[in-house]
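Letter by letter, the chains look like this.
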Amino acid sequence: MSDALNPETPVIPEETEEEPIKQRKNGLYPGVSDELAESMKSGWADTELHDLRPIPQAENTAARRAALSARFPGERLVIPAGNLKTRSNDTEYAFRASVEYAYLTGNQTEDGVLVLEPTKTGHDATIYLLPRSNRENGEFWLDGQGELWVGRRHSLTEAEKLYGIPASDVRELPEALREATGPVRVVRGYDAGIEAALTDKVTAERDEELRVFLSEARLVKDEFEIGELQKACDSTARGFEDVVKILDKAEATSERYVEGTFFLRARVEGNDIGYGSICAAGPHATTLHWVRNDGAVRSGELLLLDAGVETHTYYTADVTRTLPINGRFDELQKKIYDAVYEAQEAGIAAVQPGAKFRDFHDASQRVLAEKLVEWGLVEGPVERVLELGLQRRWTLHGTGHMLGMDVHDCAAARRESYVDGTLEPGMCLTVEPGLYFQADDLTVPEEYRGIGVRIEDDILVTEDGNRNLSDSLPRRSDEVEAWMARLKA
């Protein structure tokens with residue numbers, strides 16, 4: 001990474017009152033000559049983009065803003081994208097806009113803020129963004145976030161064309177908010193500067209109502225969102241195929257080879273991975289969120305791969321397959337795998353419009369409890385096991401969750417709308433039962449210890465049942481073995 005050009009003495013015209021451009025203490029250049037500063041101001045081609053078309057989801061984001069406007073009439077609504085976060089010294093983490101902001105605008109740039117100003121008939125929306133970096137004061141080449149360092153930003157005019165929302169300079173927004181009157185709500189936790197400007201105008205209770213509404217608005221996906229989730233699942237399936245093809249290289253190295261292989265697919269076909277990939281081989285498969293991915297990959301053991309590609313619009317898949325590293329399940333592995341598969345089949349069958357959200361979880365857990373009783377690992381009857389939750393020693397987690405722009409989407413929704421709610425067409429959720437026998441669990445026979453199996457798919461609720469968005473990946477044990485053999489060949 002190259003050292004910044006930032007001089008120790010900023011070049012700012014005397015007649016302006018702009019803040020000096022932040023300097024790097026140990027930059028190699030002690031200053032900027034007047035001649036260089038003048039040279040950098042001119043001789044640049046006009047790069048304004050004139051033939052831009054609205055982003056594909058522009059109509060969808062407009063409809064979402066209209067629903068938000070109808071819910072909070074007469075109130076100013078402020079939804080920030082968030083700011084860059086420091087990773088170390090003067091390097092930042094890759095930026096990901098807040099889900100609430102991206103959901104309502106389609107924009108993904110740092111420091112952006114959507115403001116809905118109340119009117120007599122609803123709201124007027126404005127998207128506040130950083131304009132293109134300044135060439136007159138040298139920002140575009142001297143500042144660490146200037147255009148020549150991190151890339152070109154869209155102009156405000158370009159942004160208006162792309163997002164279908166009037167755009168203004170975000171640097172003017174804090175002062176405008178400080179002077180604003182009337183009721184205001186803000187989505188908290190993303191932009192401390194915006195929150196500080198509203199500190200005497202908002203309440204935690206009212207802001208939470210805004211956050212909850214925006215979370216529940218995402219429970220039912222529109223057609224654009226469903227298409228993006230399908231795209232994410234299709235790319236994820238190709239990523240799983242990539243992994244099967246390199247298992248011999250993973251055996252020679254570690255779980256990191258699996259992680260890196262899937263990550264390549266996510267970056268080539270999407271924006272990123274949707275969450276930290278779980279590449280858990282052998283006994284690591286019994287750790288639910290094993291993301292260290294630094295263990296050995298051994299023939300004869302299982303690889304639990306829980307990973308998802310995130311699309312360029314932030315929609316993520318969340319898929320798990322448990323794979324025999326050498327391509328064949330042994331007898332005990334197959335018995336446990338087939339039990340989890342049977343539980344998942346029961347869970348998927350329970351995903352229907354009008355069903356309770358909990359139904360698929362209960363259906364899967366019943367099958368797993370029956371298997372544990374049948375194998376003599378827990379004393380029955382099954383109803384007693386379920387009533388006391390005794391199966392949870394080996395099943396551990398809930399059987400699924402809502403999916404969308406967050407891998408655990410809609411998390412701020414009210415319980416009565418989510419976990420205690422009813423399924424509707426357009427909802428998308430995971431069904432992911434598992435059995436996990438810890439390596440130190442003395443209550444099970446030794447041969448079970450260190451085996452973990454999870455199977456997870458992304459299920460869309462339809463008008464007449466459900467659709468498995470990730471069904472291009474095999475699930476049945478014999479199909480998994482045949483699929484792996486084809487890929488390895």
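Conventions used here
- Residues numbered from 1 in each chain as written.
- Predicted model: local features only at pLDDT ≥ 70, side-chain atom pairs only at ≥ 80, totals over all residues.
- Heavy atoms only, no water.
- Helix = DSSP H or I, 4+ residues; strand = E, 2+ residues; numbered from the N terminus.
- Salt bridge = Lys/Arg side-chain N within 4 Å of Asp/Glu carboxyl O.
- Pairing = 2+ DSSP bridges.
- Axes fitted to C-alpha atoms, helices over the stretch in contact; angles between N-to-C directions.
- Contact = heavy atoms within 4.5 Å.
- Buried < 20%, exposed > 50% of the residue type's maximum accessible area, 1.4 Å probe, protein only.
- Expected span 1.5 Å × (residues − 1).
- Arc of directions from axis to C-beta.

**Student:** It is not clear to me how unusual backbone geometry should be interpreted in this structure. Could you clarify?
**Tutor:** Both trends apply: most residues other than glycine have a negative phi, and most peptide bonds are in trans. Look at the link from Gly-380 to Pro-381: it is a cis peptide, with omega at 5°. Topologically, Pro-381 is positioned in the loop between helix 14 (359-374) and helix 15 (382-388). The residue Asn-89 is not glycine, and still its phi comes out positive at about 55°. With respect to the secondary-structure elements, Asn-89 resides in the loop between strand 2 (86-88) and strand 3 (91-92). For Asp-111, which is not a glycine, the phi torsion comes out positive at approximately 75°.

**Student:** Whenever I open this one, the pattern of salt bridges confuses me. Can you help?
**Tutor:** Side chains that differ in sign of charge can pair as their charged atoms come close. In this structure the tally under the stated criterion is 40 salt bridges. Three or more residues joined by partner-sharing salt bridges are found here, namely Glu-75, Arg-185, Arg-206 and Glu-209.

**Student:** Help me out: how do you make sense of the sheet that holds strand 10 (residues 302-307) in this one?
**Tutor:** Pairing is antiparallel across the open sheet formed by three strands, whose spatial order is 9-10-12. Whereas interior strands pair on both sides, the edge strands pair on one side only; in this sheet they are strand 9 (278-281) and strand 12 (319-324). Taken over all neighbouring pairs, the strand axes of this sheet differ in orientation by 10° on average, direction set aside. Relative to strand 10, strand 9 runs antiparallel, the two sharing four bridges. Looking across to strand 10, one finds that Ala-280 is bridged to Leu-304. Against the sheet, helix 12 (residues 255-269) engages strand 9 and strand 10, with an angle of about 150° to strand 9.

**Student:** Even after reading the chapter, I still don't get the pairing of strand 15 (residues 451-454), so can you show me in this structure?
**Tutor:** A regular strand places its side chains on the two faces of the sheet in alternate fashion. Residues of strand 15 alternate between two faces, with Ile-451 and Val-453 on one and Gly-452 and Arg-454 on the opposite face, all of them buried. Of the pairings in the sheet, the one linking strand 14 (residues 434-437) to strand 15 comprises four bridges and is antiparallel in character. Bridge pairing in strand 15 places Gly-434 opposite Arg-454.

**Student:** Got a minute to help me understand helix 17 (residues 477-488) in this structure?
**Tutor:** For an α-helix the count is 3.6 residues per turn, leaving residues at separations of three or four pointing the same way. Taking 1.5 Å as the rise per residue, helix 17 with 12 residues should run 16 Å; its terminal C-alpha atoms sit 17 Å apart, in good agreement. Those residues of helix 17 lying buried are Ser-477, Val-480, Glu-481, Trp-483, Met-484 and Leu-487. The buried residues of helix 17 occupy one face: seen down the axis, they fall within an arc of 165°. Its buried side turned inward, helix 17 meets helix 10 (223-245), helix 11 (247-252), strand 12 and helix 13 (331-349).

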